[in-house]
Amino acid sequence: MTTAMRTSSFHARPVCIGLLLALPLLKPALSYAQTQPSQPNPDSVRAQRARMILQATEEYNHKVFTHADTLRGSITPERAWWDVQRYDITVKPDFVRKSAVGKNLITYKVVSGLQPAMQLDLQEPLHIDSVLDNKGHSLPFTKEGNAWHVQTAKQKISSVNTVEVYFSGTPHESTRPPWSGGWTFAKDSLGRPWMTVTCQGLGASIWYPCKDHQSDEPDKGASLTMIAPDTLVAVANGRMQFSKNNGDGTTTTKWAVVNPISNYCIIPYIGKYTHFHEDFQSEKGHLDLDYWVLDYNLARAKGYMPEQVHNMMHSMEHWFGPYAFYEDGYKLVDVQHTGMEHQSAVAYGNSYAFGYRGRDGSGTGLGLKWDFIIVHESGHEWFGNNITTKDLADMYVHEGYTNYSETLFVDYMYGKEAGNEYNAGTRKGIRNDRPVIPRYGVNEQGSGDMYPKGGNMLHAIRHSMDDDEKFRQILRGMNKTFYHQTVTTQQIENYLSQEAGYNYQKVFDQYLRTTQVPDFEFYFSDDHKKVFYRWTNCVKGFDLPLVLKSGKDRIRILPTEEWKSSGLKGDEAVLFDEMAITKMYYIGVRPNVSKQ
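**Some words on helix α11 (residues 468-481)**
Okay, so step 1: Between its terminal C-alpha atoms α11 stretches 19 Å, which fits the 20 Å expected from 14 residues at 1.5 Å a residue.
Okay, so step 2: On the buried face of α11, the contacting elements are α6 (298-320), β20 (387-389), α8 (396-414), α10 (452-465) and α12 (489-500).

**Observations concerning α6**
Okay, so step 1: Spanning 23 residues, α6 covers 31 Å between terminal C-alpha atoms, matching the ideal 33 Å at 1.5 Å per step.
Okay, so step 2: Its maximal kink placed at Met305, α6 deviates by approximately 35°, while the proline Pro306 follows within four residues.
Okay, so step 3: Remark: Gly321 follows α6 within two positions and exhibits a positive phi of approximately 100°.

**With respect to unusual backbone geometry**
Okay, so step 1: With an omega dihedral of 10°, the bond running from Glu124 to Pro125 counts as a cis peptide bond.
Okay, so step 2: Here Pro125 is to be found in the loop between β3 (118-121) and β4 (127-133).
Okay, so step 3: A cis geometry characterises the amide bond from Pro177 onward to Pro178, with omega recorded as 0°.
Okay, so step 4: Inspection of the secondary structure assignment puts Pro178 in the loop between β7 (160-169) and β8 (182-187).

**A look at a nonpolar patch on the surface**
Okay, so step 1: A cluster of nonpolar side chains, Tyr412, Met413 and Tyr414, forms an exposed patch at the surface whose accessible area comes to about 250 Å².
Okay, so step 2: Secondary-structure assignment places Met413 in helix α8.
Okay, so step 3: Judged by its relative accessible area of 31%, Met413 falls in the partly exposed class.

**Quick look at the sheet that holds strand β16 (residues 285-294)**
Okay, so step 1: The strand order β15-β16-β17-β19-β18 describes an open sheet built from 5 strands, whose pairing is mixed. Edge positions in the sheet fall to β15 (273-282) and β18 (339-340), since each has one partner strand and no second.
Okay, so step 2: When strand β17 (residues 330-334) meets strand β19 (residues 346-348), the two strands line up parallel, connected through 3 bridges. Bridge pairing in β19 links Leu332 to Val346.
Okay, so step 3: Sheet strands touched by α6: β15, β16, β17 and β19. Its angle to β15, the strand with the most contacts, is close to 35°.
Okay, so step 4: Of the strands in this sheet, β17, β18 and β19 are in contact with helix α7 (residues 372-379), which crosses β19 at around 160°.

**Section: the environment of Phe524**
Okay, so step 1: Along the chain, the position of Phe524 falls in strand β22 (residues 519-524).
Okay, so step 2: Setting aside residues no more than four positions away along its own chain, Phe524 makes contact with Lys530, Val531, Leu568, Ala573 and Phe576.

**What to know about the pattern of salt bridges**
Okay, so step 1: Tallied over the entire structure, the rule returns 27 salt bridges.
Okay, so step 2: As a salt-bridge pair, Asp188 and Arg192 come within 2.9 Å of each other at their nearest N and O atoms.
Okay, so step 3: According to the relative accessible area criterion, Arg192 is buried, its value standing at 18%.
Okay, so step 4: The partner of Arg513 in a salt bridge is Glu493, with the nearest N and O atoms 2.7 Å apart. You can see Arg513 sitting in helix α13 (residues 505-513) and its partner Glu493 sitting in helix α12, a full 20 residues away along the chain.
Okay, so step 5: By relative accessible area, Glu493 is classed as buried at 1%.
Okay, so step 6: Overlapping salt bridges bring together Asp411, Lys416, Arg462 and Asp468 as one network.

About the thresholds
- Numbering of residues begins from 1 in every chain and follows the order in which that chain's sequence is written.
- Where local features are concerned, this predicted model is filtered to residues with pLDDT of at least 70; where side-chain atom pairs are given and counted, the filter is 80 or more; whole-chain, interface and lining totals use all residues.
- Hydrogen atoms and water are omitted, and side-chain values are computed over all heavy atoms in the structure.
- Secondary structure elements are taken from DSSP: a helix is a run of H or I of four residues or more, a strand is a run of E of two residues or more, and numbering for both begins at the N terminus.
- A helix is expected to span 1.5 Å multiplied by its residue count minus one.
- Residue contacts follow a heavy-atom distance rule, with two residues in contact if any of their heavy atoms lie within 4.5 Å.
- Note on bend: the value at a residue is the angle between axes fitted to the seven residues ending there and to the seven starting there.
- Put simply, a patch holds well-exposed residues, over 30% relative accessible area, that have no salt bridge, with like charges counted together within 9 Å and Val, Leu, Ile, Met, Phe, Trp or Tyr side chains within 5 Å.
- Surface exposure here means Shrake-Rupley accessible area, sampled with a 1.4 Å probe, where a residue is shielded only by the protein chains that are shown.
- We define a salt bridge as a contact between a side-chain nitrogen of Lys or Arg and a carboxyl oxygen of Asp or Glu at a distance within 4 Å.
- Residue exposure (1.4 Å probe, protein chains only): buried if accessible area is under 20% of the type maximum, exposed if over 50%, otherwise partly exposed.
- For two strands to count as paired, DSSP must find a minimum of two bridges between them.
- Between the N-to-C directions of two axes lies an angle of 0 to 180 degrees, each axis being a line fitted to C-alpha atoms and, for a helix, fitted only over the stretch in contact.

Quick look at the structure:
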């Protein structure tokens, strides 16, 4: 997701792009500073960052949405009356011409008697050639931008029907996968053809016709049949159904999943693949682990991937509950971009190196002890793939929780203090340029802060609860309660508050819906027997509890916007340590403030 960012100048993508976007700016600014040590640097990193944030804020505040945005991002009347049951996609890409032809057999259930035309989505320059109903009759259609309105006959409520949609054309190519969507027609390091698709955010309709809205997943699974040169191997989600040589220089290969799946997670991988398999004993028992890698990476992959995957799987199942797609198995697929959370076929492009391509976004060194892409993108199997948001605006549920899976992984492997260090380190990627949750119904993505800010918000909530086992059971309970469902942020927020036994609504409002970082102000009485404290720079009613502790000493306070006080015993005053507090909570700390 996941994973990476996308949108206009800030395109969200599934690796921790909130952290990574700042990196290209740092090197030239620092180099300049080093060559001019005695001169003030008017183009400092801080100045660049401030301009970048201001520009992003202005763009967000003044963005104008179009009818096309509504067609793409909302449940229109032409989408509302039918519920997708299954996709059966066939595609034949042409590497030389960079074109594609194919079809999608869409099985759907009628859920309303109000049946205007059926809205299908397919983005230019691809086009729909024909649409057939389940009796083989050709259906007329009109085009409105990337929305195609198909005239269907009146159908009974609860009936299950199909449309078969044929398409062709020269598809949009990704200019910077996975951050930009589209097909990739590339060559591997030996100069051989390699093809895939990346499309989160931009939408699966960039390469096949579908109902391109996250709220409607194919409930009964999906299949992807690829017709490709017989010198190449085609891989996709789930399990291989068959592979047949056509005797004409091509091979037809079909893969399928039995579980619901997001449109953007259905992905073809076509190249010189080979694979190896493991039988893995996990929380629910036997789980198939498969590794599909470019043939020249086989030995390298065998010596590297399994241990990383085993550690990841044990940590994720410990914190989040059982892997949600045992029936479809789990696999990593070698790619040339960084990676993506494609359900049961996670794209891996981290060069078989620890960190994120050899870098540690936390700056602590802890991120260089494990493979970022395997942990982060696989974390999306729980948050993003198992639990999927209905509207793109709530994508922090995918990215914030998955970002926090990194902290939880560090905690699981190296201890809680290491987790605190790692989590605090990720804050350098937070910009506070615009809200994490943007506008609904227009396919808009929020700030890249959804990654590190979302993860830091969860870390603060966890510490405020001061009960790691309860927190773990909440995360596991989410994956059980919302198993294979599409959700809203309100469902997730309400569930966490209900299970925690404390209403965190104002905390969610603060971190998800504003760009303010709350300040914790405090001062002591002269004898240090009493502490006075309050919240400032916060939403009205902000009430994050703070639990401060060291060894056996522990104090819990509930600051508000009004000054409050608590008595202190023994050495409890030392618990009000700025560095210790900010490791646990993403807040500003202002000690020794005099009461005004």
